[in-house]
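Coordinates in review
Below are the chains, spelled out letter by letter.
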Amino acid sequence: MIRTLLSAVSAVALVALAGCGDSGGGSATRSGIWAAGSSTVFPFATRVAENFNRTQGGTPPRIESLGTGGGIQAFCQGVGPQTPDIANASRPMKASEFDLCAKNGVTDIVEIKIGFDGIVVATARTGNSFDLRLGDLYSALAAQTPGANGQFVANPATTWNQVNPALPAQRIQVYGPPPTSGTRDAFLELGMAPGGELNPAVAALKGDKTRFETLTHTLREDGAWIDSGENDNAIVQTLTRTPGSLGVFGYSFLEQNLDTVKAETIDGVAPTLDTIADGSYPLARSLYIYVKKAHVGVTPGLQPFVQAFVSTGSAGRGGYLQDRGLVPLPADQLAAQQAAAQALTVMTRPQ
């Protein structure tokens, strides 16, 4: 479901001058800032928008939760008031997305890292505790796993103790984000792929990148993994209503719901501000906003909004975004991002 800070935005507010094409960013204006993308970045962007509007006035920024992939797709459709100024992302932009932007005339993109987040695997507070290993994630959730004679077969595991005897003897049932989500992309990259690599039969296929990624990035569709939409809070609520289930979502949502859910350890490490910031938690990741430079000076307040996002009072240690669950960047890294927001340094094509 798309969540917006504004209940509606009229066509008149979105397009101030008629007849604006994809390259019309320099000849038209929009009455407010528009950011779309990651459900993980959504609460941070919303908080910045609320504070920015309180201090700056004017039209409140429009913040949409479409998933990282959906937000970048909208961002890359062209330049002009009919496209977002900012794409919120819980993973780096892909080369294919950068190329889509370039194809549609979006050639100057500013990448700003706003902080860190961890992907948590959680249960209801009343549920059994799990000390999960990366290998357990692959063995439990991959659509295909090694069978007899080295052949890959449909994953036969139905309970967690079949995957690892040290885990509870309960049904494998994990609620998580859909394919459009950056949280899902990061879970595959940080959890499923390294977990698969621990299996000798899977590791032997690393030389075949396509085959390896297919095996480690394809989740089960038999009810063991359940796509639950872009609303991480809905996953949290599901855990309390579905005894024995597990959920995959961002650390910020854990912080807001510690009264009802708990995070399980991964390779013996619990997700905390410190373990996410220093990278010792295996499922730690960086969060980003991507800014359309062609819209700076056209969309009122865009650059000040970006600067507010990475100000010390918002994204720094002890800032108000930390209260929402953002793990702050070290001071030197934050200073570098503040400089990028000031200079509007254009990114290069991802590798």
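In short, a report on the structure. Just so you know, these numbers come straight off a predicted model, no measurement behind them. (Residues numbered from 1 in each chain as written. Predicted model: local features only at pLDDT ≥ 70, side-chain atom pairs only at ≥ 80, totals over all residues. Heavy atoms only, no water.)

1. Re helix α2 (residues 42-56)
The terminal C-alpha atoms of α2, which comprises 15 residues, lie 20 Å apart, in line with the 21 Å expected from a rise of 1.5 Å per residue. Among all positions in α2, only Phe42, Pro43, Phe44, Ala45, Thr46, Arg47, Val48, Ala49 and Phe52 are buried. Buried residues in α2 make contact with β2 (62-65), β3 (86-89), α11 (251-255), β13 (284-292) and α13 (302-309). (Helix = DSSP H or I, 4+ residues; strand = E, 2+ residues; numbered from the N terminus. Expected span 1.5 Å × (residues − 1). Buried < 20%, exposed > 50% of the residue type's maximum accessible area, 1.4 Å probe, protein only. Contact = heavy atoms within 4.5 Å.)

2. Section: the side chain of Ser90
Counting through the fold element by element, Ser90 comes out in the loop between β3 and α4 (95-103). From its side chain, Ser90 meets the backbone nitrogen of Thr183 in a polar contact 3.3 Å long. Within the structure, Ser90 has its side chain in polar contact with the side chain of Arg285 (distance 3.2 Å). Contacts of Ser90, omitting those with residues within four sequence positions, involve Ser38, Thr40, Val41, Thr68, Gly182, Thr183, Ala186, Arg285, Ser286 and Leu287. (Polar contact = N/O pair within 3.5 Å; in protein donor to acceptor, adjacent residues only side chain to side chain.)

3. Some details on the side chain of Ser245
Structurally, Ser245 is set in the loop between α10 (232-241) and β10 (246-250). Side-chain polar atoms of Ser245 contact the backbone oxygen of Thr242, separated by 2.7 Å. Leaving out residues up to four positions away in the same chain, Ser245 has contacts with Ala122, Thr123, Gln173, Tyr175, Thr238 and Leu239.

4. Observations concerning the pattern of salt bridges
Side chains bearing opposite charge may pair, as long as their charged atoms lie close to each other. Tallied over the entire structure, the rule returns 10 salt bridges. With a shortest N-O distance of 2.7 Å, Glu97 and Arg91 are connected by a salt bridge. Note on Glu97: relative accessible area 6%, which makes it buried. Look at the salt bridges and you will find they share partners, linking Arg91, Glu97 and Asp185 into a network. (Salt bridge = Lys/Arg side-chain N within 4 Å of Asp/Glu carboxyl O.)

5. Points about the pairing of strand β4 (residues 109-124)
The buried fraction of β4 is high, at 15 of 16 residues. Two strands pair when backbone bridges link them, and β4 and β13 are joined in this way by 9 bridges, in the antiparallel orientation. Bridge pairing links Lys113 to Tyr288 in β13. Two elements, β4 and β10, share 4 bridges in a ladder whose sense is antiparallel. What sits directly across from Ala122, in β10, is Gly247. (Pairing = 2+ DSSP bridges.)

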